[in-house]
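The primary structure of each chain is shown beneath.
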Amino acid sequence: MKQHGMILICIFLGGALGTLFRYIINIQVEGFLFPLGTVIENLVGSFLLGGLTGYILHKKLLPGLKEGIGVGFCGGFTTMSTLAADSVFLVLNNPVQFFIYMSVSLFGGLLLALVGMMLSTAFIRKRIFKVGGDQ
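Residues numbered from 1 in each chain as written. Predicted model: local features only at pLDDT ≥ 70, side-chain atom pairs only at ≥ 80, totals over all residues. Heavy atoms only, no water.

As named in an unreviewed UniProt entry, the protein chain is Fluoride-specific ion channel FluC, taken from Evansella vedderi. What UniProt states about the protein chain under its Sequence similarities (unreviewed entry) heading is, verbatim, "Belongs to the fluoride channel Fluc/FEX (TC 1.A.43) family." The UniProt entry for the protein chain carries the following comment under Catalytic activity (unreviewed entry): "fluoride(in) = fluoride(out)". (UniProt positions renumbered as here; feature names shortened; annotations may be inferred.)

### Overview of the nonpolar core
In this structure, Val39, Leu43, Leu83, Leu90 and Tyr101 together form the largest nonpolar core, which totals five residues. Elements with a contribution of two residues or more to this core: helix 2 (36-56) and helix 4 (80-93). (Core = buried A, V, L, I, M, F, W, Y, C linked by side-chain atoms within 4.5 Å. Buried < 20%, exposed > 50% of the residue type's maximum accessible area, 1.4 Å probe, protein only. Helix = DSSP H or I, 4+ residues; strand = E, 2+ residues; numbered from the N terminus.)

### A closer look at the environment of Ser46
Along the chain, Ser46 falls in helix 2. Taking the C-alpha atoms as reference points, Ser46 and Val115, separated by 69 residues in sequence, lie 9.5 Å from one another. The residues contacting Ser46, other than those within four sequence positions of it, are Gly109, Leu112 and Ala113. (Contact = heavy atoms within 4.5 Å.)

### Remarks on the UniProt feature "transmembrane region" (unreviewed entry) in the protein chain
As recorded in UniProt, the sites labelled "transmembrane region" (unreviewed entry) are residues 7-25, 31-57, 69-92 and 98-120. Note that residues 31-57 is 78% helix and 0% strand, and that its end C-alpha atoms are spaced 40 Å apart.

### Some details on the UniProt feature "binding site: Na(+)" (unreviewed entry) in the protein chain
This chain's UniProt record puts "binding site: Na(+)" (unreviewed entry) on Gly75 and Thr78. Note on placement: Gly75 falls in helix 3 (residues 65-77). Looking at where Thr78 falls in the secondary structure, it is placed in the loop between helix 3 and helix 4. What Thr78 contacts, discounting residues up to four positions off in sequence, is Arg22, Glu41, Asn42 and Gly45.

See the structure below:
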């Protein structure tokens, strides 16, 4: 039970940081007619979560760190609900922007998750090879 409490604290702290970073990005791009903040957040979050996934496939993280980064930070940083609301608004008001928004969000997110996973996996394999063994 003690470990679950620590994991919950890690998720809480990661979520708070992710939400704060999302807010900062939205402030920086405020005034754009296009929901640029949501695109940036979801693409960066996809890359980070892909990188984390690639890392934990080869290395073990400290207890709570995986959940704190994945569920907490990436969960607080990315936003499916805003993507859905923005999509409804765009499809009703500007179908061309809707198509661009959804294409970039979906295919860009998948691509960046894959790139993140491949980069972290390559980094781990290179480090393991240099050190001379699995750690």
